[in-house]
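Coordinate analysis (summary)
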Amino acid sequence: MTRAKPYKPRLAKQPMMRTTVDDLALELRLGVEALIGAPSAETYNQLVLMTATLDNAGAKSESLTAAQAALTSICNRFDADPVVTVTAEEAESLRAAADGLDRALAKIPHNVFRAAQVLARRSFAAAQARA
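Residues numbered from 1 in each chain as written. Predicted model: local features only at pLDDT ≥ 70, side-chain atom pairs only at ≥ 80, totals over all residues. Heavy atoms only, no water.

Remarks on the nonpolar core
With 30 residues, the main nonpolar core has Leu35, Leu47, Leu54, Leu71, Ile74, Leu94 and Phe113 as its most contacted residues. Only helix 1 (18–37), helix 2 (41–56), helix 3 (62–80), helix 4 (88–105) and helix 5 (110–130) provide two or more residues apiece to this core. In this structure, Leu54 is in contact with Ala59, Leu64, Leu101, Leu105, Ile108 and Phe113, ignoring residues within four places of it in sequence. (Core = buried A, V, L, I, M, F, W, Y, C linked by side-chain atoms within 4.5 Å. Buried < 20%, exposed > 50% of the residue type's maximum accessible area, 1.4 Å probe, protein only. Helix = DSSP H or I, 4+ residues; strand = E, 2+ residues; numbered from the N terminus. Contact = heavy atoms within 4.5 Å.)

Encoded structure:
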């Protein structure tokens, strides 16, 4: 009997160490606070890259959806007036989303997260090169 599909080994899921989760959670929270405290294109892009990495890693969370919605509204406002601004509602939404993303981050395997990070950085660099 022959296999219908070729053999494709599954990746081993390497759990993320607690210190790595803590460091990434801190980086996420600092990214949120940097965008709120000193809104600029750099701080916005940094937070977009973090949420894109979590999305690519397969983090299924209402917090991720809320964070992406807040970032999209910031981007839409930037398209109309080229100044990055964050409203009080968006700031509150981003801070609340950071809490949920901390919990989602702990469930992502380390190797999956790193692969998603590489993918997000490559696609982000390609998008900047096109612009």
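Next comes the rest of the description.
Some details on the pattern of salt bridges
Taken as a whole and assessed by the stated rule, the structure comprises five salt bridges. The partner of Arg18 in a salt bridge is Asp22, with the nearest N and O atoms 3.2 Å apart. With Arg18 and Asp22 both in helix 1, this residue pair falls four residues apart, about one helical turn. Under the relative-accessibility criterion, Arg18 is labelled exposed at 53%. Its salt-bridge partner being Arg29, residue Asp102 comes within 2.8 Å of it at the nearest N-O pair. (Salt bridge = Lys/Arg side-chain N within 4 Å of Asp/Glu carboxyl O.)

Quick notes on helix 1
In a regular helix each residue adds 1.5 Å, so 20 residues correspond to 28 Å; helix 1 covers 28 Å between its end C-alpha atoms and thus fits that length. Those residues of helix 1 not exposed but buried are Thr20, Val21, Leu24, Ala25, Leu28, Gly31, Val32, Leu35 and Ile36. The arc enclosing the buried residues of helix 1, seen along the axis, measures out at 150°, which places them on a common side. Opposite the buried face of helix 1, by more than 90 degrees, sit the exposed residues Arg18, Asp23, Leu30 and Gly37. (Expected span 1.5 Å × (residues − 1). Arc of directions from axis to C-beta.)

As for the packing of helix 3 against helix 4
Here helix 3 crosses helix 4 at 150°, and the two axes come no closer than 8 Å. By the angle class used here, helix 3 and helix 4 are roughly antiparallel. Our pair here, helix 3 against helix 4, has a crossing hand that is left-handed. Of helix 4, the residues touching helix 3 (which contributes Ser63, Leu64, Ala66, Ala67, Ala70, Leu71, Ser73, Ile74 and Arg77) are Glu90, Ser93, Leu94, Ala96, Ala97, Gly100 and Leu101. Across the contact of helix 3 with helix 4, the residue classes tally to ten nonpolar, four polar and two charged. (Axes fitted to C-alpha atoms, helices over the stretch in contact; angles between N-to-C directions. Parallel < 35°, antiparallel > 145°, perpendicular 65-115°, else oblique. Left-handed = near helix turned anticlockwise from the far one by under 90°. Nonpolar A, V, L, I, M, F, W, Y, C, P; charged D, E, K, R; others polar.)

Brief notes about the environment of Arg114
Structurally, Arg114 can be placed in helix 5. Judged by relative accessible area, which is 33%, Arg114 ranks as partly exposed. Arg114 sits 71 residues away from Thr43 along the chain, and the two C-alpha atoms are 21 Å apart.

A look at the packing of helix 1 against helix 2
Taken N-terminus to C-terminus, the directions of helix 1 and helix 2 make an angle of 145°; their axes are 9 Å apart at the nearest point. Crossing of helix 1 against helix 2: the hand is left-handed. Taking contact as the criterion, the partners of Glu27, Leu28, Gly31, Val32, Ala34 and Leu35 in helix 1 are, on helix 2, Thr43, Tyr44, Leu47 and Met50. The residue inventory of the contact of helix 1 with helix 2, partitioned by class, reads seven nonpolar, two polar and one charged.

Examining the environment of Glu92
Looking at the secondary structure, you find Glu92 in helix 4. Spatially, the C-alpha atom of Glu92 lies 12 Å from that of Gly37, the residues being 55 residues apart in sequence.

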